[in-house]
Every structure is written in structure tokens, then in C-alpha cells.
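Analysis of the macromolecular model
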2 protein chains.
Amino acid sequence: MLVEQAFLKYLATQQQTLSPDSIGIGDDAAVLSWQADQKLVVCTDLISDETDFHLADVTPQQIGRKALAINLSDIAAMACEPVGALVTLLLPQGETSLDLAKGIYEGAAQLGQTYGCPILGGDTNSWPGKLAVSVTVLGRCPVGTPLLRSGAQPGDAIFVTGTLGGSILGDHISFHPRIREAIRLREICGLTAGMDISDGISIDLPRLCERSGVGAEIDVRLLPISDAARQMSQTTGKPPWWHALNDGEDFELLFTVPAAEADSLQAQWTEATRVTKIGTMQPGTKLYLLDESGQRLPLKPEGFSHK
Amino acid sequence: MLVEQAFLKYLATQQQTLSPDSIGIGDDAAVLSWQADQKLVVCTDLISDETDFHLADVTPQQIGRKALAINLSDIAAMACEPVGALVTLLLPQGETSLDLAKGIYEGAAQLGQTYGCPILGGDTNSWPGKLAVSVTVLGRCPVGTPLLRSGAQPGDAIFVTGTLGGSILGDHISFHPRIREAIRLREICGLTAGMDISDGISIDLPRLCERSGVGAEIDVRLLPISDAARQMSQTTGKPPWWHALNDGEDFELLFTVPAAEADSLQAQWTEATRVTKIGTMQPGTKLYLLDESGQRLPLKPEGFSHK
């Protein structure tokens, strides 16, 4: 079990900023202080070689970054802020696995530093299989309570952050979790529901609607289309909005606000990441899209589903 | 991604007891209430096919139980109590993987129920590799602060719970995490340091000593020897105490108390799980054992190291 021990020694040399009475790597569990009456939010996501990335095509740092980033995106979806992360590695046996472990840790730790999310611990294992990386992130609400998928009402405006589509061309590795944006949104308007877009709007919006017990109508002409979606469109022959609607791994926020606040949200928004109204929640349970000509069609899930 | 979705549907049918304002499976993250000024402890451990178990030799329920139990043992090592768990599955692709997922979940959920540790969420993935199960457990201190590996002083008595050795004959699958015992110990004496025995005393005690900056002397004649260690001894030809000292996966507690409290601890102890004094912390950094004839020898790590 040399790799595990060597990696623990490496970790012991890594400096991370923890609050004074917290305890990170080295004991049976990590310890964190918690404020009175604060909610704890916790999420976990695993990525594995050949399913979520190809080891030959990415750096270990990119793998570590992505494994943490998808979890930070879940914390952002709750409009919370991260407190710390646990990183669990399943390493392929072999001479390069220590370097692989270090690289993954570096990628995660560097992103974690940017987002105030130190690596508190984890578990390292080598085995005769392929690489998998599992990350758990703990978070809390700076204000209010966690934003849920339930809570959207008919009439609420549907918004997204950023631009959508074509993340496979690169953004799925380098995206920025929308922690700051989510907290800012919470400050300036009454969010009613939210989630992050991991499988594409056409799959994720129905999930939010189901939880909230409402229907929805989105207008494809309003979708904020990424340059990558336009680029994809040239090879696939599908319109750019199709990619914005159906491509997975955008990791942007999908959220709803009361109709009366939609305009003031736009007016008050000063962050670099844009927010765009793409439709309206509807009574009932059905989901529709308005196509390029304004024709109303049922919204069908056509993206790639992770879960 | 049929397995993941079918498993989520199965999970939605499972009833678990959460506190009224907590949120479990179904949103982007789980949400828990936290009391004022309570410490949060969090640990994670992964087990995988062919490394920690052989899929052909155990039931899915046993795998799920063990994956949670080793984490509960870490929570016990901190003298804390569990609050909830996240279960992440890497499932081999194939027709049986949904049944496998359900069985693992059942095994974990059933043990969790016994220990007041509901399954709050997780992540389910199928892939072309073998089975791996990663569990994260959150816990808190019912009283005081988490028990650490550091804190032992020269002169402190070294104790263990239960009996040791030969867990490979079955106990490594069916062991009982010592949550209740750890909390009871905390109530009746001043624990100075503690951890759980995962790799065997000869490997784990040096870890505790290093953290505490002390040496130790244990007397092999005092080791509480399990029936399984005696059984192992008959095939290996090694003395039963050798198995008690070096075999891994006992998942008993190893802890230290001030010398003055050692006798009163024994006197007040009424739990079914025995506690046994096996030695004394020493000045310096060296570790010794007294052998069967009372001869003092250096303690050498001979067990199987996990980490």
C-alpha cells in the first residue's frame, strides 16, 4: 500500500487555510466548527475514467478540478457557499499513480482555494481497475435557507446564468461554479426554486418542474447561446438553440423568481456572468417550448442524462 | 443511464427518519440542521471489489453494511455520534447492477437505522469496471469536543474495546462500530486520545503515538484475544496474541486514559463490550511490547496496512 502512504505524506506537506479550531487531514475524521442555527448542506459526485473523461486526454489537475467543480455547482444550486471538501481516489495500480494522485489533489485544491473550500480529508485507494474520483462538499447558507428545486409557482420567470450549449468543446472541464452568482441572486431577489444544469435544460427543467408541481414554457429565441453551441451547430447541422437546450454539462444555474421581480433582477444585476430570462412557469405539469417561429411545441428531453 | 434512474426511483420509495427540517435524497444536496456551537465531524472511506471484499463471496447487503460500518467506526474513534451518510456507488454495467445497488443500499440503510444514521444522498454510476462503494458520514459530539489521536501523555493507560484478531474469519464483515461504547467512555472518564483499529495494533498504535508525540509499551499477555485469533493460530502456527496484535480490520477502539482513571473506568464499565488495559504510554517516541515471558522487545508493524 505504498501509494496511499506516500500520498498521505505528500498531503501532510500541503498548506491549507482552515478556521482556527478546525482539523483537516490526519485524524479519523475532519472537524469543523458550525455556527448557531446554520443549515448544513452536503453533496457528493463521482467521475470516472472513460465515462466522464478520458485519462489520456486530460491532465490530472483537470480531473481534480472537475471533480470538485461539479460538486461546487451543486452547492451553488442550493444558493449556499462551500466550507470544505473530501476527496476520495480510486487509483489504477502502477508507478504513475502517485503523480496522478498529486495532480488530482492539486487541481482540486487550487479550485478549492478560489472558492474558499479547503480539502479536509478523503480516502486513497489503488486497485486493478481504472481511475475514479469521488468528492463530497459541505456547505452552508450565508443567509436564509438552502434554495430547493421545489418552490416554483405558476407565473414565475425562469432564468439561467451564463451561456448554454457545446460544453463538450471545453467548458465541461473549465467551467466556473456559480457560487458567487447564486449568493448575489439571493441578495437581490426572492428566488423560488433552483438547480444546476448538468444534463441540459430539456432534462433538468422537467426535474425542477416535477419537484415544484408546475409546468413551464420556454422560448428558444431567448436562450443565451454560447459560442461553442454555434460551433457545434456547424458540424451537427442542428440549430445553435438545440445545443443550448439539450447539451449537458453546462453547470449553469437554472432558477425561478416571482414575475414581479424579473425586471428589477435584470436592472440590479452587475456581475460579469449574465442572467437571462428564458421562459415562464405554467399551471399544470406540462412543459412547452416556443420554437424559432413562435410555435408552441411539447418540450422533449433530448440531452444526455447523467442521473 | 437506466440503472441510475431506476435506482433513484427505488430510493424515493425508501422511508427514512430525518429530523423535521432536514432534506434527504432528491435535491442537489442534502440539508441538515445544526445546533449552536456543535462541532461537525466528517469522514469518508471507500471499499472495492477484489481489494476489500470479493463480490462472489458476500451479499450486496453485507457490502453496504461494511461500507457504512467502517465509517461509523471512524466516527466512534472521534467519540462522536453519526448524523447521516452519503453512499456513492460505482456499479459494474450489466443486468444485475440494479439489484446490486438495492442490496448495498439495504445493507447500509439497515445498519444506519440501528445507529441513527439515515442515508441522506449519494451518487450512483455504472461503468465498465468493478464495484466500488464510497461512503461519507457526518457526525457530531453529543458532549465535549471530538476525541483526537493527539493528546495521549506518558503514563496514560492504553485500552482497547472488544477482542482482537482473526477478523478475516468473519468479523471484518459483521463487526459492530463502537459508537455507544465511545460515548459511554467519554461520560465516565477523561479520554486523552483515541482511534479505531483498522490495520492492527502494531500499525495503528504507532500512528496514535506519533500524533501524540509519545512512546508506548504494551503487554501481549494482556491482549483480549478473540476466538477467531485462536482459530487462526491453529492454521498459521503463530501464537494467538500475534494475531490479536497484527491482524487488521478489528474495528475496535484503541484509546488512552490518565493512569489515575484506569481502575475506576474498569469499575464503572457495565457495557457488554469489554474494555481491556493492554499497556502504558511512555516518554520518548519508541514502542515496545512485553512478550509472553515478559521480555521487552521493540514493537514492529507486521499487520496489513490500509493507509
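Residues numbered from 1 in each chain as written. Chains lettered and ligands numbered in written order. Predicted model: local features only at pLDDT ≥ 70, side-chain atom pairs only at ≥ 80, totals over all residues. Heavy atoms only, no water.

We apply this condition: UniProt positions are given in the numbering used here, feature names are shortened, and annotations may be inferred rather than shown by experiment.
As annotated in an unreviewed UniProt entry, chain A is Thiamine-monophosphate kinase from Blastopirellula marina. Database annotation for chain A, UniProt heading Pathway (unreviewed entry): "Cofactor biosynthesis; thiamine diphosphate biosynthesis; thiamine diphosphate from thiamine phosphate: step 1/1." The UniProt entry for chain A carries the following comment under Function (unreviewed entry): "Catalyzes the ATP-dependent phosphorylation of thiamine-monophosphate (TMP) to form thiamine-pyrophosphate (TPP), the active form of vitamin B1."

**Observations regarding the pattern of salt bridges**
All names here are of chain A. Going by this rule: One speaks of a salt bridge when a side-chain nitrogen belonging to Lys or Arg is within 4 Å of a carboxyl oxygen belonging to Asp or Glu. Numbering of helices and strands starts at the N terminus; helices are DSSP runs of H or I of at least 4 residues and strands are runs of E of at least 2. Relative accessibility decides the category of a residue: with a 1.4 Å probe and only protein chains considered, values under 20% of the type maximum give buried, values over 50% give exposed, and everything between is partly exposed.
Scanning the entire structure with this criterion turns up 22 salt bridges over all chains. A salt bridge links Lys-130 to Glu-50; the shortest N-O distance between them is 3.4 Å. In this pair, Lys-130 is assigned in the loop between strand 4 (119-127) and strand 5 (132-140) and Glu-50 in the loop between strand 2 (39-48) and helix 2 (60-77), connecting sequence segments 80 residues apart. With a relative accessible area of 38%, Lys-130 lands in the partly exposed category.

**Brief notes about the domain arrangement of chain A**
Residue and element names in this part refer to chain A. Applicable threshold: Note that domain bounds follow an automatic or database assignment of domains. It only takes one pair of heavy atoms within 4.5 Å for two residues to be counted as in contact. A quick way to say it: buried area is the sum, across both parts, of accessible area lost when two parts are put together, with a 1.4 Å probe.
When the domains of chain A are assigned, the result is domain 1 (2-10 + 38-140) and domain 2 (157-298). On a C-alpha basis, the centres of domain 1 and domain 2 stand 27 Å from each other. Across the boundary between the two partners, domain 1 contributes 19 residues, which contact 18 residues of domain 2. Of the roughly 1500 Å² buried between domain 1 and domain 2, counting both surfaces, carbon and sulfur atoms make up 60%. Counting across the interface, domain 1 meets domain 2 through one salt bridge. Notably, a salt bridge pairs Glu-249 with Lys-66, separated by 2.7 Å at the nearest N-O pair. Among the secondary structure elements, those contributing two or more residues to the side of domain 1 that touches domain 2 are helix 2 and strand 3 (81-92). With 11 residues, helix 2 is the single largest residue contributor to the side of domain 1 that touches domain 2.

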